[in-house]
Amino acid sequence: MAVLVGRDTVVVVQGITGREGSFHTKLMLEYGTRIAAGVTPGKGGGEVHGVKVYDSVQEALQEHPEVNTSIVFVPARFASDAVYEAIDAGLKLVVVITEGIPVHETLRFTNYARSKGTVVVGPNCPGVITPGEAKVGIMPGHVFSRGPVGIVSRSGTITYEISYALTKEGLGQSTVIGIGGDPVVGLTFTEAMEMFEKDPETRALVIIGEIGGDMEERAAKMIMEGKFTKPVVAFIAGKTAPPGKRMGHAGAIIMMGEGDYASKVKALEKAGVKVARNPFEIPGLVSRVL
Amino acid sequence: MAVLVGRDTVVVVQGITGREGSFHTKLMLEYGTRIAAGVTPGKGGGEVHGVKVYDSVQEALQEHPEVNTSIVFVPARFASDAVYEAIDAGLKLVVVITEGIPVHETLRFTNYARSKGTVVVGPNCPGVITPGEAKVGIMPGHVFSRGPVGIVSRSGTITYEISYALTKEGLGQSTVIGIGGDPVVGLTFTEAMEMFEKDPETRALVIIGEIGGDMEERAAKMIMEGKFTKPVVAFIAGKTAPPGKRMGHAGAIIMMGEGDYASKVKALEKAGVKVARNPFEIPGLVSRVL
Amino acid sequence: MKLYEFEAKGILARYGVSTPKGVVVAKGDDVRGKLASSGLTPPLVVKSQVLVAGRGKAGGIRIARSVEEAVSLTEFLFDYPIKGLRPRYILVEEAVEHSSELYASITIDKSARRPVVLASLYGGMDIEEIAREKPESIVRYHVDPYMGLRGFEARLIAKKLGLKGGVISSFASLLQSMYNAFVDYSADLVEVNPLTIVGEKVVALDARIIVDDNASYKYPELAIERVEGGEVSEWESRARRLGLAFVELEGDVGVMGNGAGLTMTSMDLVYEYGGVPANFLDIGGGASAERVKKAVLFLLEFPKAKSIFINIFGGITRCDEVARGIIEALKEYSGKPKPVFVRLSGTREEEGRRLLEEFGIRAFDNPLDAVVEAIRAAR
Amino acid sequence: MKLYEFEAKGILARYGVSTPKGVVVAKGDDVRGKLASSGLTPPLVVKSQVLVAGRGKAGGIRIARSVEEAVSLTEFLFDYPIKGLRPRYILVEEAVEHSSELYASITIDKSARRPVVLASLYGGMDIEEIAREKPESIVRYHVDPYMGLRGFEARLIAKKLGLKGGVISSFASLLQSMYNAFVDYSADLVEVNPLTIVGEKVVALDARIIVDDNASYKYPELAIERVEGGEVSEWESRARRLGLAFVELEGDVGVMGNGAGLTMTSMDLVYEYGGVPANFLDIGGGASAERVKKAVLFLLEFPKAKSIFINIFGGITRCDEVARGIIEALKEYSGKPKPVFVRLSGTREEEGRRLLEEFGIRAFDNPLDAVVEAIRAAR
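Just so it is clear, the structure is predicted and the values come from calculations on it, not from any experiment.

So, on to the domain arrangement of chain C. For chain C, the assigned domains read domain 1 (21-94), domain 2 (102-222) and domain 3 (234-378). The distance between the C-alpha centroids of domain 1 of chain C and domain 3 of chain C comes to 44 Å.

Rendered as structure tokens:
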């Protein structure tokens, strides 16, 4: 068992003919992910790495009714439309890799997805992997291995760093979820934690946070309230970032005094979470709580 | 028993301080309708015919939690807002008297009401009356009497005419619903018929139609399909109206050849419905089917 | 409120729709100067801007091989009535060579309470004709008013229509633009018919927008004077200026009622009892004495009406207000006397009845009696 | 993208918000002529248009008793830097006499995934200050993005705030206008602070709008050159023109990474191991060799960086592309050589590693090793 993706996951790749879509379709296939179809409007009839391309999700599903998950590589200006298409087609999971979607659009489609019972992961995220079963994302597959550690993360590259470090220490992962770095995302820390709480395979959780926002504080609150009962360790990126400066993506901006490094660490430690000073301390902390 | 309104109906009047709102509050009270509160933004604290006025439906409901129905007299430019307010306050029935609401606004709030489980009657309608129990509308109360005949109508004044004729012949009404003359309304013939079908008191139904639209044809189809099983008689206004001319309100325009007099009569007669040549034939036809 | 073709095209162009290059000439403009400086390349299409259907067949659309010819055709069309109507504007456009004519519109499906897209590969004729001749060619698609017409939906429509390749996305864009205009302008109808395909681009050759009259106050920029309908009579346009819902008919019995249903039924009764109505006049719901007076005076002055049948069943309309309005109108009217037959029932009926009878007018309780009298008096 | 006060007010005014009568003077305008013909009645407020907080305290807002004084204050403010920034525009407005200062804003509550209205009777200070000093005064209201802010909701907010009488509906209208602008301009923030009440009318004395950078392409009309932020250094504005996410810092170790999290962590590691980063530079996800080359060249030329630590863990970013970019930058760079320490892991790591090593650069597997080397080399 694991969460969100696994052996039953059958994927349609939206934006499969683009540079990233095509490249990562290849890598996902190599990883063993079941990809049944691809979609690019106007490119229906073609093939990408042996995967048939359709003009619409609807047409793809007519031929491949087993599809239950979409991964979206569609460029930002058209990405919302692709997400709606996937939701309306009844898919239960939509992973949005695309970066640069206006936040008002994300606001709307994440609310819509919720009303339709679809889980959206992202946007601007590396995706979800259940090592050895399915990779629905852009993460380098070889840094992961299967085991008892769940990971939920706001930062793509730090996720790889920490997973790699865990793997090297023999600490495998149940499922790794990169929720994305945008201000509004479809799946939050606490929502992912609800899933990990129910997953019997996950015995410990790594939270990878970032300065800005209040998602780490909410995770801490959930733990304090006893709604997440498994051991948790955490790493927060941006300890030394100067306040008020935009550090790369929108998620990592310290403003209005909200969500700075100290506040997050304090909240987590109060909830009994060990916070690592750098990614390479994580395996040691995990070993201790397992 | 009856449908939509009755002894349990407790009303808030939105737009109670306006000319129509205040006048018909008086008439409804005189009829015996339980009116608990009125609302006019900015006029909170006052009284109209002994009914307390509040600034918002929310405040009215705090003081009068027994309210379950709203009647809206608010001017067209602000009427949609009043309807949303009533829906969001959780009222189960909203009767919209206001004329002149843009159809795009009606489109939105009728869809919204449906998603929230609120029944909207109207707009541009005379309201609903269950004779002897409650009048939530602007119809002259004295023309109605209680009995076994349900009425659902697109035309306010013809409703009075026909109810009066029935009353004079000793044929009382269970509930009379004026669904309103606008192109889009919250409650259609077929939806009202579902209610009358379930009401044991109603033993026959009078449908009062009008040229334009396809609501009468749909009613006929419902009867044909056996989904409405009680005897039905009908009157359709506009037999001699010249095609393509706008006859008063938007509901009564014959265009695109859709919904002309002949098509409606034909559909209804095919479904076994007797169609009266004029309103004064209705009582005779009803007597025969009862 | 029907918009002129050039207005509809102007709006759609702002939403990204391709339209032929053109120029609008208003009555009184320097036609020659305007066309010469327009930079339009012949052949040109000269189109009379009238708000009636069947303009093409009526000779309102002409082809000019040169700018010179377009000048004379424009001047000609200004004086060429279409169904009795002389245009105030002429639209001169570059002709677009085309082989296909498609149809697309967005309107409201009243029963479904949803906006609906209608599209067909067979445009150039009106939708009723398409529905008769090529019913299977019409693609219908309902739109969720809270979501709008999304790209993937518009592309599905294009595919269902049988379009291929790059045309799919340009047709889809057209539909989305039309939908956005439809919502932003509270339109009853946005129609592009015909539209054609040039390369992979979709071009709107003609366009219609009808704005909901109840919403037209939101668009002060559209408040130019416009003469609607093909055959608006002198009395109808006079009524429109007075804000009265009036339709002129063939007969001699003036008919006035409250509410469209009752007024139409009053007409039906006149016919049924052997008369012919001179008009339809609905005073609407809740009319004030002032409004009633205006309406009654209008009918008193309306020459076709030899007698007047007033049929009132008050709900939101109050019989006393109506009575007061009738009395004031009769007091003010100084023309040739006309017999007036009033039926009064409903809200405040006793008061209304009393007022009328004090003034010396009989108030009927039964409309059939009033109708019979009115028909007799008109003879 | 932060809008200037005069832009924000111009937008809000189109949505029906009352703002003081005023005129914008651009650098190079005829100040005297423009103010003389503006018809403004003193006293006037002369406001430096800079996109930094605390403009008032920094002397950017002045009162003029006469037009003459406004002319000299305007000329003065053009040369008066606010936090190092000289304005390109000055807004001159009629002073509005007022006793109360309220606060209203609309932003996105990221956790709730909802737009949120914040309002307080205590405006004039920023929201953080209000939150500290009068936390109980702040009314928060979440808006359903599919419904928008409806009139009755806006009135509820006004009532909760404690407003009375006619002010309720004018404050409610203000909030609805702000909300509509918020949606139509894809705004991260629409703020009116302070606003005041004149009679029963609400007047926006200052206004801020921040447009989502991801959506700014939708508003070509806002594409005027704007200098954001208080203390953008020369290198930061140079980076912005190149499209690089770059922040200048105090130290000497150049830092570049892919992804904000990894790049920040790379900075954190530099500090942890006793160094000080010279900058933050995130090449983002999926950077091409071309983009990497541009970023590396930038750091090679950036004088503060004595050594460069490049930390790449490829996901959507491909290590081979990064390697190619680094190599091309080093080939093209002709300045004083700088030591570069590259850590490469993840997607296509073997290929990237091979390319670098063929070019003679060591590719570290462990970032800690690379950090330590980079710090040492910078000394």
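Next, the rest of the story.
We now examine the domain arrangement of chain A. All names here are of chain A. For chain A, the assigned domains are domain 1 (10-121) and domain 2 (139-289). For domain 1 and domain 2, the distance between their C-alpha centres works out to 26 Å. On the side of domain 2, 12 residues touch domain 1, which itself brings 10 residues to the contact. Carbon and sulfur atoms supply 62% of the area that domain 1 and domain 2 bury against each other, a total of about 830 Å² over both sides. For the interface between domain 1 and domain 2, the tally reads 1 salt bridge. As a salt-bridge pair, Glu191 and Arg114 come within 2.5 Å of each other at their nearest N and O atoms. Taken together, the connections running from domain 1 to domain 2 amount to 2 residue pairs in polar contact (both at pLDDT 80 or more).

Under the criterion given, the structure shown has 86 salt bridges over all chains. In this structure, Glu321(C) engages Arg19(B) in a salt bridge whose closest nitrogen and oxygen atoms are separated by 3.8 Å. Taken together, the positions of Glu321(C) in helix H10 (residues 319-332) and Arg19(B) in helix H1 (residues 19-31) put the pair across two chains. By relative accessible area, Glu321(C) is classed as buried at 16%.

All names here are of chain C. Read from one edge of the open sheet, 4 strands run E1-E4-E2-E3, paired in antiparallel fashion. Of all strands in the sheet, those bounded by a partner on one side alone are strand E1 (22-26) and strand E3 (61-64). The average angle at which neighbouring strand axes cross in this sheet is 20°, direction not considered. Where E1 meets strand E4 (residues 89-94), 5 bridges bridge the pair, whose relative direction is antiparallel. Of the residues in E4, the one forming a bridge with Val24 is Leu91. Against the sheet, helix H1 (residues 5-14) touches E1, strand E2 (44-48) and E4, its axis set at about 50° to E4.

We now examine the interface of chain D and chain A. Interface size, as often reported, equals the accessible area lost upon joining of the parts. Taken together, the contact between chain D and chain A spans 58 residues of the former and 64 residues of the latter. Broken down residue by residue, the surface that chain D buries against chain A is led by Arg113(D), Tyr146(D) and Phe313(D), which jointly contribute 17%. Counting the contacts that link chain D with chain A gives 5 salt bridges. One salt bridge connects Arg343(D) with Glu161(A), and the closest N-O pair in it is separated by 2.4 Å. Counting the contacts that link chain D with chain A gives 22 residue pairs in polar contact (both at pLDDT 80 or more). If one sorts the elements of the side of chain D that touches chain A by residue count, helix H8 (residues 260-272) of chain D sits on top with 10 residues. Residue composition of the side of chain D that touches chain A, by class: 24 nonpolar, 15 polar and 19 charged.

Here is what the cut-offs are and how they apply
Residues numbered from 1 in each chain as written. Chains lettered and ligands numbered in written order. Predicted model: local features only at pLDDT ≥ 70, side-chain atom pairs only at ≥ 80, totals over all residues. Heavy atoms only, no water. Domains from an automatic or database assignment. Contact = heavy atoms within 4.5 Å. Buried area = accessible area lost by both parts, 1.4 Å probe. Salt bridge = Lys/Arg side-chain N within 4 Å of Asp/Glu carboxyl O. Polar contact = N/O pair within 3.5 Å; in protein donor to acceptor, adjacent residues only side chain to side chain. Helix = DSSP H or I, 4+ residues; strand = E, 2+ residues; numbered from the N terminus. Buried < 20%, exposed > 50% of the residue type's maximum accessible area, 1.4 Å probe, protein only. Pairing = 2+ DSSP bridges. Axes fitted to C-alpha atoms, helices over the stretch in contact; angles between N-to-C directions. Nonpolar A, V, L, I, M, F, W, Y, C, P; charged D, E, K, R; others polar.

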